[in-house]
Amino acid sequence: MFYRMCRDALQLQHPPPASVEVRSAYKKYSSSAIVLRGVSLTVRRNTIYGLLGPSGCGKTTLLNCIVGQTKLDNGIINLESNGIDDIGYMPQDLCLDPLLSIEEIFIYFGTIFGLSRNEIITRYKYFNNLFDLPPRNMLINNLSGGQQRRVSLAIALLHNPTLLILDEPTVGLDPILSEKIWLHLSDLSSEGKTIIITTHYIEEARRAHTVGMMRSGVILSEDAPENLMKCYGCSSLEDVFLKLCMIDTSKVIHKTSLPIDDEIQKKLLPLDSNKKFETRRFRAQMLKNRFLLWRNKQMTYLMLCLPVIITVFFNMAIGSDPKNINIGIINEEIDFRNCVNFTYKHNNNCFLDDKMYGSCQLIYQLNKRTYKIKNYNDIEDAKRSIKKNKIWALLRFNFNYTESLKNRVSTGRDSTDDVIDHSFLEFWVDDSDRYMSILIERDVTLSLSDALKNLVGSCNDSLDKVISYPIKIHDAIYGSNSGSFTQFVAPGTVCICMFFLPIIFTTFVMLDEQNDGILDRVLTSGMTYLEIALAHSVVQFTYICIQAIEILIIMYIFYGNPFIGSVTIGFSLLIVIGITGMIYGFVLALANDSHFAAGFAGIGSNFLLMCACGFIWPTQGARHFVKYTNKFVPITLAIEALRGITMRGWSFDHKAVYMGFISMFIWALIFYIISYALYKSKKGTWRKV
Ligand SMILES: Nc1ncnc2c1ncn2[C@@H]1O[C@H](COP(=O)(O)OP(=O)(O)OP(=O)(O)O)[C@@H](O)[C@H]1O
């Protein structure tokens, strides 16, 4: 009561109009974290308003609400300023990109606010003089805490805004510099600026025109410092604050529910009415990207080298048949060391007339296919060797193997059971590695076929035909008859590379943006998520094009994998895949708050995708529901399309090719919708809470 009378007596007759008005502001982060409990304050035009209060009382939350970064649950905020460019906000933390230099930070924020390069340089020189800034080429990361705060303050003042909101600008600074800052703020207020400043140093706030004392989410008192001291009969603001706390604590602390009157914010705050896209801000973001690419050369090299490394390693490691495989032989018809004494090759000999051994012929053919032969006498001993992985397979020739073959060939269907039995080659294999066992079986069968051809030699023509398989294999319609596994997997590898690399880059770059409040500060400067995403897309698109060219050159020119279709269509498909991967990267960045979680989600989803997309195994071989759903997995149809383009020369008019494109467009659209929905639902850094 006494205070009110005293205040009324001291009140100015015609106070300046309000520049910022907050009425009954309520904000809670959760039911147990009510931070603002009906804050009301008035900041007069061209004055300095010192917002004082202990740590955690809600000062930063209130400032965030004023700049529009955080939304009130209840209450009204009225700002005199028209647009976001009218506000200069210095957050409590640094919130500046640590990898940029001071000069680059000035250029970045200056461009956001539409300053010309000359204006930026002039402003830099001015602040350099005023705040004694470090050399302009120094990285933010390498500055001391005090130097960082000075740069941060200079950035908030850079575009000469009418309303300045400064969250503890003097914390940690030496007294001379704090003094300089306060003097400068006083000059600014007399030049027509309005300033809200928070500080822990209560006495420092004596220089403010008005002081608001805040505790537990309410303003306990608000007046000129000298009025407060006079009315409360104190000699310092510290004492006033102590007195206020003792008077009001009980009233304030227990007031936890929201007010009944539901007056909500009606007037749009500058951030809300900000345009979604402005060329100057897009240009600023592009500049920042360029600075960061230049600074972060390691990342740039990695993005350019990774496709090359993956493609080279793929061609070196995958698809070639294994060589020098150990195979055991039990040869009962002749000591295999003596094979060299007998005719191996087709020498116009006929095994019906000459002394030739079928076992020796087969060993010769296996040697030609680089198999290493190990001799065994005992079958159990040889099987033990298979179990110990010393040999992969075992072949056993009966003591009269060649003789039985001769009889079988000569007597045909009249051959006895013994003859038939002894003419069989016995074969055991280690099937724990299915691909190896298939290869060995194939090679043994082919070697046997070649060995038989040599054995019959020039016996007579019909015999040659009788012993060969009853099939005529003509030239392949697509591909070659001797196509390798590499050629089958190459399109899948290319598509996965083109899909996966943009996912990693986009996810990590977009998550980096939100690190340490950097995004918050930039958004508060007016930048929008759309501008950031578009500027990133330009960089990513450039990478996608370069990566596609690298991969095509290495996979199809350097390593000579078949590519008989249109290069333009193949290249376009890779670009579409890359763009879809990029949009999926946005989804991961929006769906996860940390690099760690996004990394897991990215690697996990890609692993699933690789299993189902037919990259390593034909989709027709999938089982159960995967068989019916794998074509709906991203890039399955794109891989089929690329295989059609490269191996079969198909063009756009072929269903497989246009379906590959259509499927990628649909997935891009789905990812876009998901990322948009995530963005809309996102609270915190990306959107206002
Ligand atoms: N995003 C959030 N979610 C939940 N609680 C939050 C969030 N941000 C702030 N708080 C809580 O709100 C309270 C007020 O925080 P705020 O940062 O506004 O205080 P402050 O007065 O600025 O403190 P200081 O001077 O230490 O910066 C704190 O208890 C804090 O833990």
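Residues numbered from 1 in each chain as written. Predicted model: local features only at pLDDT ≥ 70, side-chain atom pairs only at ≥ 80, totals over all residues.

1. Re the overall build of the protein
Of the regular secondary structure elements, the protein holds 24 helices and 13 strands. A compact globule built from 689 residues should have a C-alpha radius of gyration of about 26 Å, whereas the protein, at 40 Å, is more than 25% larger. Its C-alpha atoms give the protein principal-axis dimensions of about 135 × 50 × 45 Å. Scored against the burial criterion, the 689 residues of the protein give a buried share of 40%. Sequence-distant contacts, at least 24 apart, represent 76% of the contacts inside the protein between residues at least 6 apart. (Helix = DSSP H or I, 4+ residues; strand = E, 2+ residues; numbered from the N terminus. Rg over C-alpha atoms; globule rule 2.2 N^0.38 Å. Buried ≥ 20, exposed ≤ 12 C-beta atoms within 10 Å, placed from the backbone. Contact = placed C-beta atoms within 7 Å.)

2. Points about helix 15 (residues 434-456)
Residues separated by three or four positions in an α-helix point in the same direction, a consequence of the helix having 3.6 residues per turn. With 23 residues, helix 15 should reach 33 Å at 1.5 Å per residue; the first-to-last C-alpha distance of 33 Å fits that figure. All buried positions along helix 15 are accounted for by Ile440, Asp443, Val444, Ser447, Ala451, Leu452, Asn454, Leu455 and Val456. The positive-phi residue at the C-terminal boundary of helix 15 is glycine 457, with phi of around 40 degrees. (Expected span 1.5 Å × (residues − 1).)

3. Quick word on the pairing of strand 6 (residues 163-167)
Within strand 6, 5 of the 5 residues are buried, which leaves it mostly tucked inside the rest of the structure. Bridge count between strand 5 (residues 87-90) and strand 6: 4 bridges; the pairing is parallel. Of the residues in strand 6, the one forming a bridge with glycine 88 is leucine 164. As defined by bridge partners, strand 6 adjoins strand 7 (residues 194-199) across 5 bridges and the pair is classed as parallel. Following the sheet pairing, aspartate 167 is matched in strand 7 by threonine 198. Traced from strand 6 through helix 6 (residues 175-190) to strand 7, the parallel crossover comes out right-handed. (Pairing = 2+ DSSP bridges. Right-handed = clockwise from strand over helix to strand, strands pointing away.)

4. Focus on the sheet that holds strand 6
Taken together, the 6 strands give an open sheet; going across it, the order is 5-6-7-3-8-9, and neighbouring strands pair in mixed fashion. The sheet is open, and its two edges are formed by strand 5 and strand 9 (218-223), each paired on a single side. Shown here is a sheet whose adjacent strand axes are inclined to one another by a mean of 15 degrees, direction ignored. On top of the sheet, helix 2 (residues 59-67) reaches strand 3 (48-52), strand 5, strand 6, strand 7 and strand 8 (210-215); it is set at about 150 degrees to strand 6, its chief contact. Sitting on the sheet, helix 6 is in contact with strand 3, strand 6 and strand 7, with an inclination near 155 degrees to strand 7. (Axes fitted to C-alpha atoms, helices over the stretch in contact; angles between N-to-C directions.)

5. Points about helix 2
In terms of residue burial, helix 2 counts as a mostly covered element, since 9 of its 9 residues are buried. Within helix 2, the full set of buried residues consists of Lys59, Thr60, Thr61, Leu62, Leu63, Asn64, Cys65, Ile66 and Val67. Looking one or two residues beyond helix 2, the residue adopting positive phi is glycine 68, at roughly 90 degrees.

6. What about the site of the ligand?
All residues adjacent to the ligand are Tyr29, Ala33, Val35, Gly53, Ser55, Gly56, Cys57, Gly58, Lys59, Thr60, Thr61 and Gln92. Among the elements that line the shell around the ligand, the one with the most residues is helix 2, at 3 residues. Along the lines of polarity and charge, the residues of the shell around the ligand split into 4 nonpolar, 7 polar and 1 charged. (Near = placed C-beta within 6 Å. Nonpolar A, V, L, I, M, F, W, Y, C, P; charged D, E, K, R; others polar.)

7. Topic: the packing of helix 17 (residues 485-513) against helix 20 (residues 567-591)
Helices that pack against each other are described as a pair by the angle of their axes relative to one another and the distance between those axes. For the pair helix 17 and helix 20, interaxial distance at closest approach is 7 Å and the crossing angle is 35 degrees. Our pair here, helix 17 against helix 20, has a crossing hand that is right-handed. Contact residues: Val494, Cys495, Met498, Phe499, Phe500, Pro502, Ile503, Phe505, Thr506, Thr507, Met510 and Leu511 in helix 17; Leu574, Ile577, Gly578, Thr580, Gly581, Met582, Tyr584, Gly585, Phe586, Leu588 and Ala589 in helix 20. Here the contact of helix 17 with helix 20 is built from residues that sort into 17 nonpolar, 6 polar and no charged. (Left-handed = near helix turned anticlockwise from the far one by under 90°.)

8. Quick notes on the nonpolar core
In this structure, Ile105, Ile165, Cys495, Met498, Ile577 and Ala638 are the most contacted members of the largest nonpolar core, which totals 145 residues. The element contributing the most residues to this core is helix 17, with 16 residues. Leaving out residues up to four positions away in the same chain, isoleucine 165 has contacts with Leu63, Ile66, Val67, Ile87, Tyr89 and Ile196. Core analysis: the next-biggest nonpolar cluster, separate from the first, contains 27 residues, Tyr371, Leu395, Val444 and Leu452 among them. (Core = buried A, V, L, I, M, F, W, Y, C linked by C-beta atoms within 7 Å.)

9. Re the domain arrangement of the protein
Segmentation of the protein into domains returns domain 1 (16-256), domain 2 (326-467) and domain 3 (490-686). Across the boundary between the two partners, domain 1 contributes 12 residues, which contact 10 residues of domain 3. (Domains from an automatic or database assignment.)

10. Notes on the packing of helix 10 (residues 297-317) against helix 19 (residues 529-558)
It is the contact of helix 10 with helix 19, at a shortest axis distance of 9 Å, that shows an interaxial angle of 25 degrees. The angle between helix 10 and helix 19 falls in the class roughly parallel. Where helix 10 crosses over helix 19, the handedness of that crossing is right-handed. Residues Met303, Leu304, Pro307, Val308, Thr311 and Val312 of helix 10 touch helix 19, and the partners they reach there are Tyr543, Ile546, Gln547, Glu550, Ile551, Ile554 and Met555. A breakdown of the residues in the contact of helix 10 with helix 19 according to their chemical character gives 10 nonpolar, 2 polar and 1 charged. (Parallel < 35°, antiparallel > 145°, perpendicular 65-115°, else oblique.)

11. Description of the sheet that holds strand 1 (residues 18-30)
Taken together, the 3 strands give an open sheet; going across it, the order is 2-1-4, and neighbouring strands pair in antiparallel fashion. Bordering the open sheet on either side are strand 2 (33-44) and strand 4 (74-79), each of which pairs with just one other strand. Within the sheet, the average angular offset between the axes of one strand and its neighbour, ignoring direction, is 15 degrees. Examined bridge by bridge, strand 1 and strand 2 share 9 bridges and lie antiparallel to one another. By the bridge assignment for strand 2, valine 22 is matched with leucine 41.

12. A word on the environment of threonine 493
Tracing the sequence through the fold places threonine 493 in helix 17. Given 24 C-beta atoms within a 10 Å radius, threonine 493 is considered buried. Taking the C-alpha atoms as reference points, threonine 493 and phenylalanine 615, 122 residues apart in sequence, are found 6.8 Å from one another. The contact partners of threonine 493, leaving out residues within four places of it in the chain, are Phe314 and Phe615.

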